[in-house]
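Geometric and topological summary
Here is how the chains run, residue by residue.
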Amino acid sequence: MPFKTISVVGLGYIGLPTAAVFASRKKQVIGVDVNQNAVDIINRGEIHIVEPDLDMVVHAAVTEGYLRATTRPEPADAFLIAVPTPFKGDHEPDLTYIESASKSIAPVLKKGDLVILESTSPVGATEQMAAWLAEARPDLSFPQTHGENSDIRIAHCPERVLPGHVLRELVQNDRVIGGMTPKCSELAISLYKIFVQGECIVTNARTAEMCKLTENSFRDVNIAFANELSMICDKLDINVWELIRLANRHPRVNILQPGPGVGGHCIAVDPWFIVSKTPEHAKLIRTAREVNDGKPKWVLEKVQLAVADFLQTHPDKSAREVTIACFGLAFKPDIDDLRESPATAICEQISKMHPGIVLAVEPNIDLLPAKLEKSMSLSMIEPALAEADVIVLLVDHKEFKEIESSKIRTRHTIDTRGIWKA
Ligand code: SAJ
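Residues numbered from 1 in each chain as written. Predicted model: local features only at pLDDT ≥ 70, side-chain atom pairs only at ≥ 80, totals over all residues. Heavy atoms only, no water.

The chain is annotated in an unreviewed UniProt entry as UDP-N-acetyl-D-mannosamine dehydrogenase from Pseudomonas laurylsulfatiphila. Here is the UniProt Sequence similarities (unreviewed entry) comment for the chain, exactly as written: "Belongs to the UDP-glucose/GDP-mannose dehydrogenase family." (UniProt positions renumbered as here; feature names shortened; annotations may be inferred.)

1. Describing the nonpolar core
With 42 residues, the main nonpolar core has Leu67, Ile116, Leu191 and Tyr192 as its most contacted residues. Among the elements that line this core, the one with the most residues is helix α1 (residues 15-24), at six residues. Judged by nonpolar contacts, the second largest core, of 29 residues, contains Val299, Val390, Leu394 and Val395. (Core = buried A, V, L, I, M, F, W, Y, C linked by side-chain atoms within 4.5 Å. Buried < 20%, exposed > 50% of the residue type's maximum accessible area, 1.4 Å probe, protein only. Helix = DSSP H or I, 4+ residues; strand = E, 2+ residues; numbered from the N terminus.)

2. Details of the sheet that holds strand β11 (residues 324-327)
In a beta sheet, neighbouring strands are held together by backbone hydrogen bonds and run either parallel or antiparallel to one another. Strands sit in the order β13-β12-β11-β14-β15 across an open sheet of five strands; the sheet is parallel. Of all strands in the sheet, those with a lone pairing partner are β13 (377-378) and β15 (413-415), marking the two edges. Bridge analysis of strand β14 (residues 390-393) against β15 gives three bridges, and the strand direction is parallel. Its bridge partner being in β15, isoleucine 391 is matched across the sheet by threonine 413. In the packing of helix α12 (residues 283-313) onto the sheet, contacts are made with β11, β14 and β15, and the angle to β14 comes to roughly 165 degrees. (Pairing = 2+ DSSP bridges. Contact = heavy atoms within 4.5 Å. Axes fitted to C-alpha atoms, helices over the stretch in contact; angles between N-to-C directions.)

3. What to know about the sheet that holds strand β1 (residues 5-9)
If you trace the eight strands from one edge of the open sheet to the other, you get β3-β2-β1-β4-β7-β8-β9-β10, paired in mixed fashion. Looking at the sheet topology across the chains shown, the edges are occupied by β3 (67-70) and β10 (200-204). On average, each strand axis in the sheet is inclined to that of its neighbour by 25 degrees, with strand direction left out of account. Pairing of β1 with strand β4 (residues 78-81), which is carried by four bridges, proceeds in the parallel orientation. Directly across from valine 9, in β4, lies its bridge partner isoleucine 81. Set on the sheet, helix α9 (residues 205-236) makes contact with β8 (153-156), β9 (175-179) and β10; between it and β10 the angle comes to about 115 degrees.

4. Focus on the environment of lysine 371
Examined against the element boundaries, lysine 371 turns out to sit in helix α14 (residues 370-373). A residue is classified by how much of its surface remains accessible, and lysine 371, at 53% relative accessible area, is exposed. For the pair formed by lysine 371 and lysine 235, sequence separation is 136 residues and the distance between their alpha carbons is 34 Å. For lysine 371, the residues in contact, after removing those within four places along its chain, are Thr344 and Glu348.

5. Digging into the side chain of serine 341
Relative to the elements of secondary structure, serine 341 occurs in the loop between β11 and α13 (342-353). The exposure class assigned to serine 341 is buried, which follows from its relative accessible area of 6%. Engagement of the side chain of serine 341 in a polar contact is seen with the backbone oxygen of alanine 330, the distance being 3.1 Å. If sequence neighbours within four positions are ignored, serine 341 has contacts with Leu329, Ala330 and Phe331. (Polar contact = N/O pair within 3.5 Å; in protein donor to acceptor, adjacent residues only side chain to side chain.)

6. Points about helix α3 (residues 54-63)
For α3, every residue scored as buried is listed here: Leu54, Val58, Ala61 and Val62. Looking down the long axis of α3, one finds its buried residues gathered within 95 degrees of arc, a one-sided arrangement. The exposed set on the far side of α3, more than 90 degrees from its buried face, consists of Met56 and Thr63. Those residues of α3 that are buried lie in contact with α1, α2 (36-43), β3 and α7 (166-172). With its phi angle positive at about 85 degrees, glycine 65 sits one or two positions after the end of α3. (Arc of directions from axis to C-beta.)

7. A closer look at the pattern of salt bridges
For the structure shown, the criterion picks out 23 salt bridges. The salt bridge involving arginine 44 is made with glutamate 46; its shortest N-O contact spans 3.4 Å. Note on arginine 44: relative accessible area 51%, which makes it exposed. Taking relative accessible area as the criterion, glutamate 46 reaches 39% and is therefore assigned partly exposed. Three or more residues joined by partner-sharing salt bridges are found here, namely Asp77, Lys110 and Asp113. (Salt bridge = Lys/Arg side-chain N within 4 Å of Asp/Glu carboxyl O.)

8. With respect to the pairing of β10
Taken together, the five bridges between β9 and β10 define a ladder with parallel strand orientation. Across the sheet, isoleucine 177 pairs through a bridge with valine 202, a residue of β10. Note on the crossover from β9 through helix α8 (residues 182-192) to β10: the handedness is right-handed. (Right-handed = clockwise from strand over helix to strand, strands pointing away.)

9. Some remarks on the domain arrangement of the chain
One can read the domain layout of the chain as domain 1 (5-198) and domain 2 (239-415). Here domain 1 and domain 2 have C-alpha centroids that lie 35 Å from each other. Listed per partner, the contact involves 14 residues of domain 1 and eleven residues of domain 2. A buried area of about 1100 Å², summed over both sides, lies between domain 1 and domain 2, and 65% of it is on carbon and sulfur atoms. For the pair domain 1 and domain 2, the number of links is zero salt bridges. In the side of domain 1 that touches domain 2, the residues fall into nine nonpolar, four polar and one charged. (Domains from an automatic or database assignment. Buried area = accessible area lost by both parts, 1.4 Å probe. Nonpolar A, V, L, I, M, F, W, Y, C, P; charged D, E, K, R; others polar.)

Right under this line is the structure:
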């Protein structure tokens, strides 16, 4: 079936690039978002998020008339839902955004339409979405009751793109297609084939949901292993980065890198969707989350020890006269995204517990967020290196990797990323 009009609901980090890529293939795309400000920005041909090259693709799509944004859903042949799925309470998945997105598109659905859930979701969310749609549109038939003869086709096709490389990975990555029936999958493949060069692999909706959660949990467990090793090695006076480099020379060992904790909106969230469904079995996955979430506290203890040691060797100084410089605020290297960042959280905690000056060095931003600007100042690399009595390296930005070791004058340096250690 040809898709003349495609609607993408949720114009965030996944929805907007997806909408723009469909539009770049000369499809009519209607982007829907509840945020009027985001809609206005996109309709001006600009973007409200940070992702390399996305501004150019969106600008071209809007000026050529292929992409238009609105707050109210309109009829289309395919709907992709790419809204957030955060957690609430005790790490329970919060499906409120999926619920309101599906209820908002229900009135404009027509026979033959395809609805795809792209948001990372707990197992069973696609079936739940199908139930919400069926409840809102009793005049149409859905796969859960009518199988291959349904009026509406439904699938879960999770996004798997890496922030910072979204436009490339959207096109090149393989895609897991979890249709509620084989015909649903078939239709979903024909939609993705408009731009996906990777392979489209068919499964059912529940397996597709679990596949995405498994990918991010795999990474989380592997990072937790590295973080645990870093704390063990610290006790045993072993350089963990050298250790991992050596162990990874084994043909079947591939350990990830320790750091100050796991940030971002995906890896620190998605494993909980498995834990909350099957708490009695997901013990390793839960422990990995706890190890990674506990790492910032360990780093803070190291900072306290470093300050105490500095004061011992400088008895003429008080804590108020000690300057701490935090290198990096972003949640990972070479991006400007400070949300859900362990580096930002650590820096904030340092500024709360330390009576002296706290400098934040973050080459990817020009201004500190409001919650940080009162308790610390943004500094350039050189003055921070010159003024700091204690340095905490939190993000392995390329600018920090280039710093010569001779310029790091204080021996009270906590390098959580291992970039300055020989
Ligand atoms: N991190 C480490 N050590 C490592 C690797 C990462 O501490 O060796 C930390 C990073 O510093 C960061 C966090 O983990 O704080 C997450 O960063 P990331 O680069 O591993 O992942 P994200 O969150 O940017 O994107 C992930 C990707 N998933 C996988 O690689 C399995 C991406 O493909 C997904 O599409 C994305 O989650 C998502 O949207 O779910």
